Structures are given as C-alpha cells and as structure tokens.
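# Working through the structure, step by step
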Amino acid sequence: MTSDAAAQADIGVIGLAVMGENLILNMASRGFTVAAFNRTVSKVTAFTGGRAVGRTIVGAGSLEDLVALLKPPRRVMLMVKAGAAVDEFITLLTPLLAPGDIIIDGGNSHPADSTRRTRALAEQGLLFIGTGVSGGEEGALTGPSIMPGGNVQAWPAVQPIFQAIAAKVDGGAPCCEWVGPEGAGHFVKMVHNGIEYADMQMIAESYQLLRAAGLSAPEAGAVFARWNEGELHSYLIEITADILSKVDDVTGQPLVDVILDAAGQKGTGKWTSVAALDAGSPAATITEAVYARAMSALKAERVAASAVLSGPAFAAPADREAFVEQVRQALYASKIAAYAQGFQLLHLSAQDAGWTLDYGQIAQMWRGGCIIRAAFLDRIKDAYDAQPALANLLIAPYFRDAVHGAQGAWRETVAAAVRGGVPVPAFSSALAYFDAYRSAALPANLLQAQRDYFGAHTYERTDRPRGEFFHTNWTGRGGNTASTTYTA
Ligand code: 2AM
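Our subject in this report is the structure included herewith. Just so it is clear, the structure is predicted and the values come from calculations on it, not from any experiment.

What follows deals with helix H18 (residues 397–420). With 24 residues, H18 extends 34 Å from end C-alpha to end C-alpha; this agrees with the ideal 34 Å at 1.5 Å per step. Remark: the principal bend of H18, roughly 50°, maps to Gln407. Listed as buried for H18 are Phe399, Ala402, Val403, Ala406, Gln407, Ala409, Trp410, Thr413, Val414, Ala416, Ala417 and Gly420. Turning to H18, the residues buried within the fold contact helix H8 (184–212), helix H15 (320–353), helix H17 (376–386) and helix H19 (425–437). Gly421 sits one or two residues past H18 and shows a positive phi near 75°.

Turning our attention to unusual backbone geometry. Leave glycine aside and you will find that most residues have negative phi; peptide bonds, for their part, are mostly trans. In this model, Pro72 is joined to Pro73 through a cis peptide bond whose omega is -10°. As for its position among the elements, Pro73 is in the loop between helix H3 (63–68) and strand S4 (75–78). With phi around 50°, Glu182 is a residue other than glycine that occupies positive phi space. Its location among the elements puts Glu182 in the loop between strand S10 (180–181) and H8. Exposure remark for Glu182: the relative accessible area of 17% places this residue in the buried category. Its identity is not glycine, yet Ala456 carries a phi of approximately 50°, on the positive side. Note that Ala456 resides in the segment after helix H20 (444–455).

Next up on the list: the site of the ligand. Taken together, the neighbourhood of the ligand is formed by Gly15, Leu16, Ala17, Asn38, Arg39, Thr40, Lys43, Val80, Lys81, Ala85, Glu88 and Phe89. Here an oxygen atom of the ligand sits 2.5 Å away from a polar atom, N or O, in the side chain of Thr40. Relative to its unbound accessible area of 470 Å², the ligand is 78% covered by the protein chains. If one sorts the elements of the shell around the ligand by residue count, helix H4 (residues 84–93) sits on top with three residues. For the shell around the ligand, the per-class residue count stands at five nonpolar, three polar and four charged.

Let's shift gears to the nonpolar core. If you look at the biggest cluster of nonpolar residues, it comprises 85 residues, and the most contacted ones within it are Trp227, Phe343, Leu346, Trp366, Ile380, Leu393 and Trp410. With 16 residues, the single largest contributor to this core is H15. With sequence-adjacent residues up to four places away left out, Phe343 is seen in contact with Tyr359, Ile362, Ala363, Trp366, Ile380, Tyr384 and Leu393. Counting residues in each nonpolar core, the second largest holds 34 residues, with Leu23, Met77, Ile102 and Ala157 among its members.

Cut-offs and rules
Per-chain numbering applies: the sequence of each chain, read as written, is numbered from 1 onward. The predicted origin of the model limits local features to residues at a pLDDT of at least 70 and limits the giving and counting of side-chain atom pairs to 80 or more, whereas totals for whole chains, interfaces and linings rest on all residues. Side-chain calculation: all heavy atoms of the structure are included, whereas hydrogens and water are not. Secondary structure follows DSSP: runs of H or I at least 4 residues long count as helices, runs of E at least 2 residues long count as strands, and numbering of each begins at the N terminus. Expected span, for any helix, means 1.5 Å times one less than how many residues it has. The reported bend at a residue is simply the angle between two axes, fitted to the 7 residues ending at it and to the 7 residues beginning with it. Working definition: with a 1.4 Å probe on protein chains only, accessible area under 20% of the residue-type maximum means buried, over 50% means exposed, and in between means partly exposed. Any pair of residues with heavy atoms lying within 4.5 Å of one another is described as a contacting pair. The cutoff for a nearby residue is simple: one of its non-hydrogen atoms must lie within 4 Å of the molecule or strand. As used in this structure description, the phrase polar contact means that two N or O atoms lie within 3.5 Å; if the pair is within protein, one of them must be able to donate a hydrogen and the other to accept it, and residues adjacent in sequence are counted only when both atoms belong to side chains. All accessible-area figures derive from a Shrake-Rupley calculation using a 1.4 Å probe, and residue coverage is judged against the displayed protein chains alone. Only Asp, Glu, Lys and Arg are considered charged in this grouping, and only Ala, Val, Leu, Ile, Met, Phe, Trp, Tyr, Cys and Pro are considered nonpolar; every other residue, Gly among them, is considered polar. By convention a nonpolar core is built from buried Ala, Val, Leu, Ile, Met, Phe, Trp, Tyr and Cys residues, the set being connected through side-chain atoms within 4.5 Å.

Purely spatial values, then, with no claim about function.
Given below as structure tokens:
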C-alpha cells in the first residue's frame, strides 16, 4: 500500500465483498491491473495478502491512494451495497476526480437512482455508468452478463475491460453491450430479475404438478433433466434437475422435501412489477411470481387455513407420460408469454424515458453468464434482429408457431390444475395474457360504459374516429355534462 505509487492501474474497484473480489480477480485474469479499496480497510490487506497474491492487484489504503493509482481517464467501479453507500462514495470521490473521469456503479441499484446519478455527475463533468452485473459470485469470477448504461461518452474507455471479463457466447460474442442512456443498464438488469422470478415460479408450478401427478422428487428431477435436452435448455432447468436429485444428509429424504416452503425476496421482482404498473405494461406473470413468493411467506396462515378450507383432490392422470409432456408444453408456452411481457415492459418504459434500446442485443446479453441464460434467448435475438420494431414476441413467426403448437397442452394443463385445486398463478396469468393479447375485442367497452355511468368519464365509439369522446345521460338524472374531474 502506497500513496505515491505511479498511476499504473487500469481500473479501481471499491467494495471487497464476494462480488467485488471476484470481479477484480476476473479483471486481473484478463490482463488488467486493478486497484482495490474497501470502507473497512482491513479487508483490503486481507485480500491483497490472500486471494489477490501473485496477481496484478494493488491495494489502496484510502480513497486518495486509490485515485492516485489510476491511469487517466480514471475508472472507479463501486461494488458496494445499493442505496446510500453508493451516494456516499460518489460524494467522497468527486472532489478527487478530474473532468472526464468515470464512476461506475456495478451494484443492484434502482434504475431511477442511476438516472439521477448520471445527470448529477454530468453537471460536474464526470461520466457515470450504472451497470447491471448478473451471474452471482461464480459469474463475477468467470464471466458475468454485464448491462451498462449511463453516459455513453464513458463507454469507449470501459468497453475493453467489460467485454473482456463478460461471459462469451457463440464462439466469442460478449454478453455485454452498451444498453442506453441514464438508468437503462440497471433497468434492463431489473427486468432480467423480474423475468427470473417468473421463470422460477413457472418451473415451481411444473414441479408441483409433476408431484401432484405422483412423481417423486428424483423422478421429477429426471423429467427436468430430460427437458433440459430440448427447447427448454437453460441454467434454471439444469439446476432444478440437480436440486431434485439431492438427498438430505440428516434425514435421507430428498433435500427439497425438507426445505421450508416460504420464499424470500430481495425486491428486484417487486421493482419490475412496480415499473410495469407505472408504464401501464401488463407484466402479469412477473407480478404473479412476486405474489406467489409473498403468499408462500405466509406459511403459518396457510397451515392454519388448510385446516379450515377444502378443495378438490388432484386426480392422477391416466397417462402419466402424456401428462408430463403436457406440462412441458405449458411451461414452454408460459415462458414465451413471460418473456414477451418482459420485453414489452422494456419497450414501453424505454418509450416513456426516451431511450432507444436494441432488444436483440439485450437477448444476447442474457444468453450467457446470467441466471436466465437459455438457448431460447437465441430465438428472441433472431426475432428482434429480423424485426427491430417488433411490438410483441408473441407475434414473431417463430414464437407464434411455438405457442400455436403448445396451446392445446397449455390449456389442458391449466384446466387440470384448476380442476385439481393446484394453484398455477404464473401458468394461468401467462395464458390469460396470450388470450387477451390475441383478442381484437375485450370487454373494456363495458368498463367504459360503467365509468361513464358513475363518473361521466366519457367513452370513444367504434363507429367514430379515435380521440372523439362521448357521454351518455344513462339514467336521465345525471345530466349531460362530462366529468372534468378525471381525464377520460
Ligand atoms: P464494508 O466491508 O466496510 O462493510 C458489501 O456490503 C460491500 O458494501 C462491502 O464492501 C461493504 O463495506 C460495502 N458497504 C456497505 N454499506 C456501506 C456504506 N454505508 N458505506 C460504505 N461501504 C458500504
């Protein structure tokens, strides 16, 4: 540790929790020299004297030391707890940096915070990047998916480092591209997590149906392993197969049967759902996945209610193999609808924010390194590459045909679940999304009539151009004045 060392480091990283350390080791393994700092400075010496030994990693004893170690333009990456810690470090760093220097936040920050930070730092001549980093501890070390957004002027100086450390797919394409301005990088990461919630819930519903049909945990695991060979091939299906074959050391039972059914959450699924509500984007399956975790967490209430409330028993299917195949197709079709919702949310929110996003590139960034990585994302990339202005994945020819092929099994699966009293909120909301999206006419005419009836909110007519609003005096008592209290 020295304060007068020549500026030699390519990048400084602040935050030596596991993600930060692993990212630094990844950078060093790609030939970069990394300066490391942490609020609790003892962690710096522990790191430089431990995992960092023999690598191009230099410890810094203070923020001043860290900045002095960096080649211009200085690149400082924060890998600290999202929220106040990021703002605190930005406040401490800005007086030490020069115009054109770059602050990168690689934590799980809310996109609105990244938008605010990009703007505030630009006013001081500093360039800010808010970047999603996905793949957990293992991904950070060996190749994460990296989703950077913010001040595009910073990108040329950061691109070589980020693309070198990112996961690679298809013979070398990095799972890292410039996403867009302001909070766009963290927004894309947030939606990734929302889709991850949906993916996991849909797998959990498949699992519950398989168990309801009489399969043991290892038998269900074998089914997932088989599914992983086909169009569902993905990290989450692969680990599900692994999980279901694991035996508990203590009881000798399948471990999954001993794990309490109360799910935790850190909030990024909720953020995605709130963003969807804000944008008027019908991401129902993602939101149902958040609710499913909330319902699961009410374990004691559910146990009590189970003694009070009854429902039908799930009837064992006559042909188990046929049922398993039906569930597979329901999972595949639901997955397509959930991804369609995620991309639709990106699209509508980008429109609101004035961002232009490349959806094919986003699919490629998610193709490797991250939790939702899946072969399927190649098809999404193909769909957007063929039609960059595609309104919805469901109408891309490949996915249209896939959903058409699977929808019979999808409906049978949801119907069997409803008849048998198995809750399938993700499957059924995905199917409702498909059925609503393919409907030229929905019963919102009645909603409009109701709104006009009780609140004079007015309605448009099918036989008149859009944008002309009408009010009816429904009862003869309400008068002919349209509401001015609310917008129609
Ligand atoms: P620490 O080791 O000093 O606790 C993950 O928690 C990382 O974020 C750690 O490097 C941790 O530093 C850092 N961190 C968490 N809260 C912080 C705060 N309020 N200020 C600075 N660093 C913080």
